[in-house]
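Fold and contact review
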2 protein chains.
Amino acid sequence: MKIAIYGYGNLGRGVELAVTQNPDTELFGVFTRRAPEAVTTVLDTTKVYPAADIAKYKNDIDVLVICGGSATDLPKMTPALAADFNVIDSFDTHADIPRHYAAVDAAAKQGGRTAIISVGWDPGMFSLNRLYANAILPDGKDYTFWGKGVSQGHSDAIRRIEGVADARQYTCPVQAALDSVRAGENPDLTTREKHTRLCYVVAKEGADKARIEREIKTMPKYFSDYDTTVNFISQEELDRDHKGIPHGGFVIRTGQTGVSGEHKHVIEYSLKLDSNPEFTASVLIAFARAAYRMNTRGETGCKTAFDVAPVDLCAMNRDEIIAHML
Amino acid sequence: MKIAIYGYGNLGRGVELAVTQNPDTELFGVFTRRAPEAVTTVLDTTKVYPAADIAKYKNDIDVLVICGGSATDLPKMTPALAADFNVIDSFDTHADIPRHYAAVDAAAKQGGRTAIISVGWDPGMFSLNRLYANAILPDGKDYTFWGKGVSQGHSDAIRRIEGVADARQYTCPVQAALDSVRAGENPDLTTREKHTRLCYVVAKEGADKARIEREIKTMPKYFSDYDTTVNFISQEELDRDHKGIPHGGFVIRTGQTGVSGEHKHVIEYSLKLDSNPEFTASVLIAFARAAYRMNTRGETGCKTAFDVAPVDLCAMNRDEIIAHML
């Protein structure tokens, strides 16, 4: 199975590495909108092509993994490429998924291709766990907690404040809320009760730290609804202690069965990830395998993680899977 | 969707209740090998039929949920019924699954029916989580822990010891082992290091408790490989404090990504269940829905949880699921 990467940032680099862990996949190359000679890939062997040339290779690539941003890249890229390639993306603007789905579905059907959108861990593995848990326990309540992990969007928001040289923001689940959910107490939790925000900020020389802290804590949408902690540190400390991109979280459904709901059940799925982009890339490769298999069976159009039989994600053959993993 | 229950014990009662939580299902009735008039159902409205008459109803039942034991019932029942009915079972003798699969597949294909075997939480939801995690992290290690929960087989083994009036055995995961796995230490764990066994025993009057305790702790396969605690209590205490059938457990895969595996990831799925049979029954109903849908699409033969697209488990329609759960 020949995989190509369209867009080469952290996620693209993760896909490049994930291909090496899957013996049934090989990397065709990376497509970039930058000058190919200006791109340094993780692996020496990776070929780099101009994104503008992609159409030339429509018969050489089994699945194209589109590694663009959800705000402006993917809404254009995925529908544009889905007529010529089997594609995977990690579109994560939850509210716009139906519109994105419709655009990609039309293109993929027209070209006889298979697209799987919104793959990763949320949306993706978290969505799957919400669905399984809802199917099993119709009478229950869902909770999702994120973190501890780096939010790129929130880190960027801090960096835009005057006087800030650099910043890193962690989203942290509130332990007391997690404990209450796991105990089956079915709490109604406000935004503030579920997560806190922890910021490490490098101030420019002479900057007013009190003002910076105030601007962060009162920033609407990003911070004002949360208990936020701001720590000022040096650039050296930030680079030394906070250069990773960890993330993770928890999907929990609590529900009840029995004559009068007297039996409580807790279903919990959690991730603890040292590298958000590399883990997401690993999920993308598993679903790329499924897209390719579904396409060879004539199952075309736009799909989601919900439409993929789990057996199609795995390199092992079905008899082995049934014998060893059931 | 008309569901019938074949075999009426704890699991059958759970299915009877689960049907009431799923508005798209209704209960056709219970089939029993006992005299129907001797069976008291949980719900007054449930009809009871003799198992011998089942073939008469082959056109009246959409899915038959077979609630028998894996040792002797299911290897006969499921292949015998799969030619005439869409069926679900919870066959859980892991080593014999390929043989059971082959027998059920032949029958279901011959009759144009759809069977899903080995549904529940282990095998079932735990298997699914092992598969997803393996597909995502090819370079990693799997761990399964069970408990804290009642093991019926181990409780029965204690009851067969001379001088024992009643008993209840709990399997408990060892917290230190769980902590080590979650910390990404990739320990190699012996049987003894993973689980302990906790026994509550009611001795008959005048019985030699020291001998009973010794016989339990040295019983091969069941107890001798474990650290086992034996507590003698009264029948009243057993009935008051240990009449529930809780269970649960943990499926964890740890793995690594990156240029040299420098990034560690932990995927964990866990269940905490007040009633093992009622939760298992809830899983069976979700897969009964999928079996029925797959059969209406002409997807016949024997399937497993691995073959079922998650969307087929859920009563909501696909557009709603994509819009609200992705």
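Here is a short report on the structure shown in this document. What you see is a predicted model; the values in this text were computed from it and never measured. (Residues numbered from 1 in each chain as written. Chains lettered and ligands numbered in written order. Predicted model: local features only at pLDDT ≥ 70, side-chain atom pairs only at ≥ 80, totals over all residues. Heavy atoms only, no water.)

1. Let's talk about the relation of the copies chain A and chain B
Condition: A residue counts toward the fit only if its pLDDT is at least 70 in both copies, and the copies are then superposed by least squares on the C-alpha atoms of those residues.
With an RMSD of 0.1 Å, the fit of chain A onto chain B corresponds to turning through 180 degrees and sliding 0.0 Å along the axis. Considering both components of the superposition, the chain copies are consistent with a two-fold axis.

2. Things to note about the interface of chain A and chain B
Selection criterion: The contact definition used throughout considers only heavy atoms, calling two residues in contact when any of these lie within 4.5 Å. Buried surface area refers to the total accessible area, computed with a probe of radius 1.4 Å, that the two partners give up upon joining, counted for both partners together. Salt bridge, as used here: a side-chain nitrogen of Lys or Arg that lies within 4 Å of a carboxyl oxygen of Asp or Glu. A 3.5 Å cut-off defines polar contacts: any pair of N or O atoms within that distance qualifies, except that in protein one atom must be a possible hydrogen donor and the other a possible acceptor, and neighbouring residues in sequence count only when both atoms are side-chain atoms. Working definition: helices are DSSP H or I runs of at least four residues, strands are E runs of at least two. Numbering for both runs from the N terminus. Amino acids are sorted into nonpolar (Ala, Val, Leu, Ile, Met, Phe, Trp, Tyr, Cys and Pro), charged (Asp, Glu, Lys and Arg) and polar (every other residue, Gly among them). Two strands make a pair as long as DSSP finds a minimum of two bridges between them.
With 65 residues of chain A in contact, the opposing surface of chain B contributes 66 residues. Buried area between chain A and chain B, summed over both chains or domains, comes out near 5800 Å², and the portion from carbon and sulfur atoms is 64%. Joining chain A to chain B, the criterion identifies two salt bridges. The residue A:D307 makes a salt bridge to B:R318 at a minimum N-O spacing of 2.7 Å. The interface formed by chain A and chain B holds 31 residue pairs in polar contact (both at pLDDT 80 or more) in total. Mapped onto the side of chain A that touches chain B, the elements with two or more residues apiece are α3 (97-111), α4 (125-136), β12 (247-257), β13 (263-273), α10 (276-296), β14 (301-303) and α11 (318-325) of chain A. Examining the composition of the side of chain A that touches chain B, we find that eleven residues originate from one element, β13(A), more than from any other. Here the residues of the side of chain A that touches chain B sort into 37 nonpolar, 16 polar and twelve charged. Bridging between β13(A) and strand β13 (residues 263-273) of chain B involves nine bridges; their strand directions are antiparallel. Residue pairing in the sheet places A:K272 in a bridge with B:V266 of β13(B).

3. Some remarks on the pattern of salt bridges
Convention followed: For each residue, the accessible area found with a 1.4 Å probe, counting protein chains only, is set against the maximum for its type, and the residue is called buried under 20%, exposed over 50%, and partly exposed in between.
According to the stated counting rule, one finds 38 salt bridges over all chains in the structure shown. One salt bridge in this structure joins A:D105 and A:K109, with 2.9 Å as the shortest N-O distance. With A:D105 and A:K109 both in helix α3 and four residues apart, the pair spans about one turn of that helix. Using a relative accessible area of 12% as the deciding quantity, one classes A:D105 as buried. Across the pair B:D227 and B:R192 runs a salt bridge whose closest N-O atoms are separated by 2.8 Å. Placement of the pair is B:D227 in strand β11 (residues 227-232) and B:R192 in helix α7 (residues 191-194), with a sequence separation of 35 residues. Given a relative accessible area of 41%, B:D227 falls into the partly exposed group.

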